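A structural walkthrough
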Amino acid sequence: MISVQGLTAKYGDRVVLHELDFHVGKSELVGLLGPNGSGKTTLLLCLSKVVPLDSGEATVSGQELSAYSARELALVEASVPQRQEISFPFKCIEVVLMGRYPHQREFGSDSDEDLTKAMEAMRLTDTLDLAQRRISEISGGEAQRVIIARALAQETELLLLDEATANLDVAHKMQMFDLFSEKNNQGATFLCAMHDLNLAALYCQRLIFLKNGRINIDGPTMETFTEENLSEIYETEVRIIPHPSTGVPQAMFVPGAGSRQQTAGSGQNM
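Moving on: the sheet that holds strand β4 (residues 55–60). By way of backbone hydrogen bonds, the strands of a sheet pair with one another, either parallel or antiparallel. With antiparallel pairing, the four strands of this open sheet are ordered in space as β2-β1-β4-β5. Looking along the sheet, the strands with just one partner apiece sit at the ends: β2 (14–24) and β5 (63–64). Taken together, the seven bridges between strand β1 (residues 2–11) and β2 define a ladder with antiparallel strand orientation. By the bridge assignment for β2, Lys-10 is matched with Val-15. This element, helix α1 (residues 40–47), spans β1, β2 and β4 of the sheet and lies at about 115° to β1.

Here it is as structure tokens:
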């Protein structure tokens, strides 16, 4: 589904991603993890053709990324950004219908099918009651679920999620990942940049950890989600316990451990 070889990306003279190599197979649900500034968002922007590759290659659904037009790529992949400011007071249903544009003829109007698909996406994301409200008049969490509905209405085989549920309350966060898991079981592929390690462990079959713009660890969740790996990547002490219902590993961070490591590091530099 996604194949990346030697991908390097820069902002000006600053290299953000260093020669990444990885593959995401069809129907995988992969978590993209790592500290702030590790390059997670930049990687998703590269795969969306928002940020150009400085060097290397990326293919999506068997075709070189550079060969896609914007409309062609929108038929293959949908994105949920970390933050999206919609400056115009569109109704929420209008925002969700924007996801239908690659399926329409140029300058075409919304069809009955488009409206049906949009309403179904809103039902799945628990936003039907917001359909006629202005997106500028709802909460940040509600707006984020509308943006997720827009991506689902796009009906693509690949979804790129950048902290898609970060602003949601616990119930809706779990509801959205239950939905992503269901879509994944139906054949959709997900690459999800996340900071919530335990949520990633609960739902993602595989984890890719970035650090300093490089892939540090890549493998099945049950093999990579370890005390040693997490402590090294996040530079703080971590303990792992099994989830009481599923047995999936969950991370417990040790209070004060980060401060102790920083103090120790400062002493070594003196």
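Before going further, it helps to spend a moment on the sheet that holds strand β6 (residues 77–80). The strand order across the open sheet formed by six strands is β6-β7-β8-β3-β9-β10, and the pairing between neighbours is mixed. The sheet is open, and its two edges are formed by β6 and β10 (214–220), each paired on a single side. Within the sheet, the average angular offset between the axes of one strand and its neighbour, ignoring direction, is 15°. Judged from the six bridges that link them, strand β9 (residues 206–211) and β10 form a sheet pairing that is antiparallel. By the bridge assignment, Lys-211 is partnered in β10 with Arg-214. Contacting β6 and β7 (158–162), helix α5 (residues 140–153) runs over the sheet at an angle of about 175° to β6. Its contacts with the sheet place helix α9 (residues 227–234) against β3 (29–33), β9 and β10, and it is angled at close to 30° to β9.

A separate point is the nonpolar core. In this structure, Val-96, Ile-135, Val-146, Leu-161, Phe-190 and Met-194 are the most contacted members of the largest nonpolar core, which totals 51 residues. The residues touching Val-146, leaving out its near neighbours within four places in the chain, are Cys-92, Val-95, Val-96, Thr-127, Leu-130, Ile-135 and Ile-138. Counting 29 residues, the second largest nonpolar core, distinct from the first, contains Met-1, Leu-20, Leu-160 and Ile-208.

Unusually for a residue other than glycine, Ser-61 sits at a positive phi of about 55°. Looking at where Ser-61 falls in the secondary structure, it is placed in the loop between β4 and β5. Judged by its relative accessible area of 33%, Ser-61 is partly exposed. Backbone geometry at Asn-212 places phi at a positive 55°, although glycine is not the residue there. On the secondary structure map, Asn-212 appears in the loop between β9 and β10. Overall, the relative accessible area of 57% leaves Asn-212 in the exposed class.

This paragraph deals with the packing of aromatic side chains. For the structure shown, the criterion picks out four aromatic pairs. Taking 5.1 Å as the distance between ring centres and 75° as the angle between the ring planes, the aromatic pair formed by Phe-177 and Phe-180 counts as edge-to-face. Here Phe-177 pairs with Phe-180, and both are found in helix α6 (residues 170–185), just three residues apart, close to one helical turn. This pair shows no difference in class: Phe-177 is buried, exactly as Phe-180 is. Both rings, one in Phe-180 and one in Phe-190, keep their centres 5.4 Å apart while their planes meet at 40°; by these two values the pair is tilted. Here Phe-180 is found in helix α6, whereas its partner Phe-190 is found in strand β8 (residues 189–193), with ten residues between them in sequence. When its relative accessible area of 1% is taken as the criterion, Phe-180 is described as buried.

Turning our attention to the packing of α5 against α6. Between α5 and α6, whose axes approach to 12 Å, the crossing angle comes to 5°. By the angle between their directions, the pair α5 and α6 is classed as roughly parallel. Across from Arg-145, Ile-148 and Leu-152 in α5, the residues of α6 making contact are His-172, Met-176, Leu-179 and Phe-180. Class assignment of the residues belonging to the contact of α5 with α6 gives a composition of five nonpolar, one polar and one charged.

Locating Thr-127 in the fold gives a position in the loop between α4 (112–124) and α5. With sequence-adjacent residues up to four places away left out, Thr-127 is seen in contact with Met-122, Glu-142, Arg-145, Val-146 and Ala-149.

The next subject is the pattern of salt bridges. In the structure shown here, the tally under the stated rule is eleven salt bridges. Residue Asp-54 pairs with Lys-10 through a salt bridge whose shortest N-O separation is 3.9 Å. Of this pair, Asp-54 sits in the loop between α1 and β4 while Lys-10 sits in strand β1; the two residues are 44 residues apart in sequence, bridging distant segments of the chain. Here Lys-26 and Glu-157 are joined by a salt bridge, their closest N and O atoms 3.6 Å apart. One end of the pair, Lys-26, is in the loop between β2 and β3; the other, Glu-157, is in the loop between α5 and β7, with 131 residues separating them in the sequence. Overlapping salt bridges bring together Arg-100, Asp-114, Lys-117 and Glu-155 as one network.

Reading the values: the criteria
- Residues numbered from 1 in each chain as written.
- Predicted model: local features only at pLDDT ≥ 70, side-chain atom pairs only at ≥ 80, totals over all residues.
- Heavy atoms only, no water.
- Pairing = 2+ DSSP bridges.
- Helix = DSSP H or I, 4+ residues; strand = E, 2+ residues; numbered from the N terminus.
- Contact = heavy atoms within 4.5 Å.
- Axes fitted to C-alpha atoms, helices over the stretch in contact; angles between N-to-C directions.
- Core = buried A, V, L, I, M, F, W, Y, C linked by side-chain atoms within 4.5 Å.
- Buried < 20%, exposed > 50% of the residue type's maximum accessible area, 1.4 Å probe, protein only.
- Phe/Tyr/Trp six-rings, centres within 6.5 Å; stacked < 30°, edge-to-face > 60°.
- Parallel < 35°, antiparallel > 145°, perpendicular 65-115°, else oblique.
- Nonpolar A, V, L, I, M, F, W, Y, C, P; charged D, E, K, R; others polar.
- Salt bridge = Lys/Arg side-chain N within 4 Å of Asp/Glu carboxyl O.

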